[in-house]
Amino acid sequence: MKNHQKKIVVVIGAGPAGLMAAEQVVLGGQDVHVFDAMPSVGRKFLMAGKSGLNLTHSEKFDQFKFRYREKSEFLEACLKDFDSESIRTWVHDLGIQTFIGTSGRVFPVDMKAAPLLRAWLHRLKSQGVQFHMRHKWIAGDEDKLSFMTPEGLVERHYDAVVFALGGASWKRLGSDGLWTKIFETHQVRTIEFQPSNCGFMVNWSNYFREKFAGTPLTNISVSVKRSNDENLTKLGQFVVTERGVEGSLIYSLSADIREKIRIDGFVDLYLDLLPGKSAERVFSELNAPRGSRSLSSHLRSKLGLHPVHCALIHECLTDEVIQNMQQLASFLKALPIRLIGTCPIDEAISTAGGVDFAELNHDFMLQSKPGWFCAGEMLDWEAPTGGYLLSACFATGVAAGRGVTNWLSAMNKTEDREKIDGDEDV
Ligand SMILES: Cc1cc2nc3c(=O)[nH]c(=O)nc-3n(C[C@H](O)[C@H](O)[C@H](O)COP(=O)(O)OP(=O)(O)OC[C@H]3O[C@@H](n4cnc5c(N)ncnc54)[C@H](O)[C@@H]3O)c2cc1C
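Looking up the protein in an unreviewed UniProt entry gives the name TIGR03862 family flavoprotein, with the organism given as Undibacterium seohonense. What the UniProt record of the protein gives under Cofactor (unreviewed entry) is the line "FAD".

Here it is in structure tokens:
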């Protein structure tokens, strides 16, 4: 087989998905150029490291894949190819050790993103990947891509391109979602972005908001009715905010909450403030003699409730209900809080929406644009926090990068065949 000239592969977007695609393609022996609109790479990845970089999750694959909801079927093959074990091995190869937390989440030992990103960039550069920052992609056709730079318009020829342009939250870190307009001009269907892993609005009273914004509610169970009427219940914690509620427990329910709000305009969450106690036990403890103590101090001393719980009870129930121990006991096990909207998309940890999977083949290439591949959060999937976001960004980056290598080698074979046919004709 003859030696082929290296092909030029452009990766647009220097987040985890783009860098992973670049790594795969350069290992396949191509000339790789990474472009990004921002002055430096991986800004959202670095932000993720500020609160403890959760790289992936160690749970069994059968459970893991369903975190991607209805998109798990499409993503399954790539998630399996680059699973949580592969992610850990890849991180260890960069000289960074990892550990599994009690919840099964996987972190680098120092919890940070910066040392990992530094080691990764060093390796990519030594493999020959070239970086072009402050290049905002603004248009593209079959043989060239156009970028706006501080020096003006720049055009680059390419053989294949991987788009890894991110979702539409935290715009100041680069992922502004504006690329959907360019994709639309190429008739590539995108689904409208929506906040995922986001906070929700509650109409708190001024008193409750001023006194309790920022207060966590720990060891609480939350139930919500899904749009198919199924009841979803989860245990965990969340935080009261100025505008409503946010935090890991709320994030893990955010797709279902968002969908119910879309359909009905609101959704009621039912909080079990005492998940470790049965309704009967709560009732009998509430009914215990309390002497001259107020109800609040009785709730605190007998049931272990905190001031925020007591204020929440007053926020959500009428005085009449609160004075009726039978009714109060049942509400302590199912206290309704009405959520009336999502917090702004720009504040969300991640977004749902983006390139419709129907546009892609299984190598993550756009069916209508041969040579155009996509990876990462710009695709229409969503998952809860817990390392699932980065896992899918890495896995789709690997899949798109391998897809490019396979596609280019198929092109080389076609060129060889045409050359042989041409020579035989002579
Ligand atoms: C506060 C916070 C904490 C998080 N913590 C975690 C966590 O612990 N674990 C986890 O799994 N996930 C976490 N995430 C989510 C995770 O960071 C993202 O899902 C991930 O970064 C998405 O990767 P990506 O490569 O697809 O896109 P991005 O990281 O968003 O990168 C996209 C890149 O494309 C560039 N770009 C966009 N448009 C253009 C254009 N037109 N031209 C050129 N360049 C362009 C952007 O500048 C950006 O650099 C967190 C997110 C946030 C906001």
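Let's pick the thread back up.
Our focus in this paragraph is the site of the ligand. D36, N54, S175, E377 and L390 are the nearest of the 30 residues found near the ligand. Side-chain polar atom of D36 to an oxygen atom of the ligand: 2.6 Å apart, as the coordinates give it. Summarising the interface, the protein chains cover 96% of the accessible area of the ligand, which totals 1,000 Å² for the free molecule. Listing elements by their share of the shell around the ligand, those giving two or more residues are α1 (16-27), α2 (43-50), β7 (136-140) and α16 (388-425).

Here β7 runs beside strand β8 (residues 144-149); their pairing, made up of 4 bridges, is antiparallel. Each residue of the ladder has a partner; that of A139, found in β8, is S146. Here β7 folds back onto β8, and the loop between the two strands holds 3 residues.

The next thing to look at is the nonpolar core. Membership of the largest hydrophobic core comes to 81 residues, with the highest contact counts inside it found for W137, F163 and F183. The element that contributes the greatest number of residues to this core is α16, accounting for 12 residues. If you look at the next biggest cluster of nonpolar residues, it comprises 46 residues, including L253, V308, I322 and L328.

Here we come to the state of the cysteines. Under the defined criterion, the tally for this structure stands at 0 disulfides. Note on C78: no disulfide assigned, nearest cysteine sulfur contributed by C393 at a separation of 11 Å. According to the relative accessible area criterion, C78 is buried, its value standing at 4%. Here C198 is not disulfide-linked; the sulfur of C343 is the nearest cysteine sulfur, at 7.0 Å. On the basis of relative accessibility, which here comes to 2%, the residue C198 falls in the buried class.

Conventions used here
Residues numbered from 1 in each chain as written. Predicted model: local features only at pLDDT ≥ 70, side-chain atom pairs only at ≥ 80, totals over all residues. Heavy atoms only, no water. UniProt positions renumbered as here; feature names shortened; annotations may be inferred. Near = heavy atom within 4 Å. Polar contact = N/O pair within 3.5 Å; in protein donor to acceptor, adjacent residues only side chain to side chain. Areas by Shrake-Rupley, 256 points an atom, 1.4 Å probe, with all protein chains shown as cover. Helix = DSSP H or I, 4+ residues; strand = E, 2+ residues; numbered from the N terminus. Pairing = 2+ DSSP bridges. Core = buried A, V, L, I, M, F, W, Y, C linked by side-chain atoms within 4.5 Å. Buried < 20%, exposed > 50% of the residue type's maximum accessible area, 1.4 Å probe, protein only. Disulfide = S-S within 2.5 Å.

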